[in-house]
Amino acid sequence: EAGVTQFPSHSVIEKGQTVTLRCDPISGHDNLYWYRRVMGKEIKFLLHFVKESKQDESGMPNNRFLAERTGGTYSTLKVQPAELEDSGVYFCASSQDFQTTRGEQFFGPGTRLTVL
Amino acid sequence: GIQVEQSPPDLILQEGANSTLRCNFSDSVNNLQWFHQNPWGQLINLFYIPSGTKQNGRLSATTVATERYSLLYISSSQTTDSGVYFCAVERDTGRRALTFGSGTRLQVQP
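We now turn to the structure provided with this report. The structure presented is a predicted model; accordingly, all values stated were derived computationally and were not measured. (Residues numbered from 1 in each chain as written. Chains lettered and ligands numbered in written order. Predicted model: local features only at pLDDT ≥ 70, side-chain atom pairs only at ≥ 80, totals over all residues. Heavy atoms only, no water.)

What to know about the interface of chain B and chain A
Bring the parts together and some accessible area is lost; that lost area is often taken as the interface size. Test applied: Should any heavy atoms of two residues lie within 4.5 Å, those residues are counted as being in contact. As used here, buried area is the combined drop in accessible area, with a 1.4 Å probe, of two parts when they are placed together. Salt bridges are identified by distance alone: a Lys or Arg side-chain nitrogen within 4 Å of an Asp or Glu carboxyl oxygen. Counted as a polar contact is a pair of N or O atoms within 3.5 Å, where, for protein atoms, one must be capable of donating a hydrogen and the other of accepting one, and residues adjacent in sequence contribute only when both atoms are in side chains. Numbered from the N terminus, helices here are DSSP runs of H or I no shorter than four residues, and strands are runs of E no shorter than two. For this classification, the nonpolar set comprises Ala, Val, Leu, Ile, Met, Phe, Trp, Tyr, Cys and Pro, the charged set comprises Asp, Glu, Lys and Arg, and every other residue, Gly included, is treated as polar.
Across the contact, 20 residues belong to chain B and 21 residues belong to chain A. Summed over both partners, the interface of chain B with chain A buries about 1800 Å², with 48% contributed by carbon and sulfur atoms. When the buried surface of chain B facing chain A is broken down by residue, Tyr 48, Arg 96 and Phe 100 of chain B rank first, second and third, together holding 35% of it. There are 2 salt bridges connecting chain B and chain A. A salt bridge links Arg 96 of chain B to Asp 97 of chain A, with the nearest nitrogen and oxygen atoms 2.9 Å apart. At the junction of chain B with chain A, the criterion picks out 9 residue pairs in polar contact (both at pLDDT 80 or more). For the side of chain B that touches chain A, the secondary-structure elements that each account for two or more residues are strand E4 (29-37), strand E5 (43-48), strand E9 (83-91) and strand E10 (98-100) of chain B. Ranked by the residues each element gives to the side of chain B that touches chain A, the list is headed by E4 of chain B, at 5 residues. Looking at the side of chain B that touches chain A, its residues break down into 7 nonpolar, 10 polar and 3 charged.

So, the packing of aromatic side chains
The line we're drawing: Aromatic rings from Phe, Tyr and Trp, taking only the six-membered ring of Trp, are treated as a pair when their centres fall within 6.5 Å; an angle between ring planes under 30 degrees marks them as stacked, one over 60 as edge-to-face, and anything in between as tilted. Here the term buried applies to any residue with accessible area under 20% of the maximum for its type, exposed to any over 50%, and partly exposed to those in between, with areas from a 1.4 Å probe on protein chains only. Over a ring means this: the NZ of a Lys or the CZ of an Arg is within 6 Å of the ring centre and within 35 degrees of the ring normal.
Summed over all chains, the structure comprises 10 aromatic pairs over all chains. Between the aromatic rings of Phe 91 of chain A and Phe 107 of chain A, the centroid separation amounts to 6.3 Å while the plane-to-plane angle is 75°, which identifies the pairing as edge-to-face. Within this pair, whereas Phe 91 of chain A is found in strand E9 (residues 88-95), its partner Phe 107 of chain A is found in strand E10 (residues 106-107), the two being separated by 16 residues in sequence. Across the pair, Phe 107 of chain A and Phe 91 of chain A agree in class, each one buried. When the ring of Phe 107 of chain A is compared with that of Phe 35 of chain B, the centres are 5.2 Å apart and the planes differ by 80°; the resulting orientation is edge-to-face. In this pair, Phe 107 of chain A is assigned in strand E10 and Phe 35 of chain B in strand E4, connecting two distinct chains. No difference in accessibility class separates Phe 107 of chain A from Phe 35 of chain B, as the two residues are buried. The structure contains a cluster of three or more aromatic residues connected by ring pairs, namely Tyr 33, Tyr 35, Phe 45, Phe 91 and Phe 107 of chain A together with Phe 35, Phe 86 and Phe 100 of chain B. Sitting above the plane of the Tyr 74 of chain A ring, Arg 22 of chain A keeps its charged end 3.8 Å from the centroid. Looking at Arg 22 of chain B, its charged tip hangs above the ring of Tyr 69 of chain B, at a distance of 4.3 Å from the centre.

A few points about the side chain of Ser 60 of chain B
The topology assignment puts Ser 60 of chain B in strand E7 (residues 59-64). Not counting chain neighbours up to four residues away, the residues in contact with Ser 60 of chain B comprise Phe 47, Lys 54, Gln 55, Leu 71, Leu 72 and Tyr 73 of chain B.

Looking at the state of the cysteines
Our working rule: In this description, a disulfide is simply a cysteine sulfur pair whose atoms lie within 2.5 Å.
Applying the stated criterion across every chain, the model contains 2 disulfides over all chains. Shown here is the disulfide that connects Cys 23 of chain A with Cys 92 of chain A, its sulfur atoms set 1.8 Å apart. What sets the handedness of the Cys 23 of chain A and Cys 92 of chain A disulfide is the S-S torsion sign, and at about -65° it is left-handed. Remark: Cys 92 of chain A occurs in strand E9 and Cys 23 of chain A occurs in strand E3 (residues 19-24); sequence separation between them is 69 residues. When its relative accessible area of 0% is taken as the criterion, Cys 23 of chain A is described as buried. Here Cys 23 of chain B engages in a disulfide with Cys 87 of chain B; their sulfurs sit 2.0 Å apart. Torsion about the S-S bond of the Cys 23 of chain B and Cys 87 of chain B cystine: about -55°, corresponding to left-handed handedness. Taken together, the residues span a long stretch of sequence, with Cys 23 of chain B in strand E3 (residues 19-25) and Cys 87 of chain B in strand E9 at a distance of 64 residues. Accessibility classification places Cys 23 of chain B together with Cys 87 of chain B in one group, the buried group.

In short, shape yes, function no, at least from these values alone.
Set out below in structure tokens:
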């Protein structure tokens, strides 16, 4: 079974440009999450989808970030316009809940974003 | 929000040694996960352990939810165990977000 995949693995852009990151969750996982780790800081939660609906976007830093999950499969995270402080590693995770237990989150390899 | 503290921040071991990593958290949690971040940056799931004890080969973990801590044991360490170990918790609020600790950086020397 394929794990969580992310594209691209690396992206280098200039300040003010737009970047779109993509995440494909594990097949059948309804829950999809975005996290990021900026330089020197902990890994921080950004948002949580259940299927195509945003369940929790309390971690989104500002309105330059837009996440979508049309059709409830893959997700994109767009940063527009990018700023220097957006540099870091963006992780995607997915999980599936069961009848009586919450699901373990599995992480993708991350996208390393560098804003110059 | 919930605080997650990991100790020690750095650890250097000789191959074959045993170690214990600790994760303290400040509030009730629904879930707790341990991850190993390998040299390529990939987060590898080690344990999903909201309570109790689990073992997987040379690794084992124990979570005592009532006392708000978890321990990760590594026995007979190998150089491939090197990397950063993260503890992450899901707070008991209905939200699914994981809150990560700052990690323990482990270096196993041959």
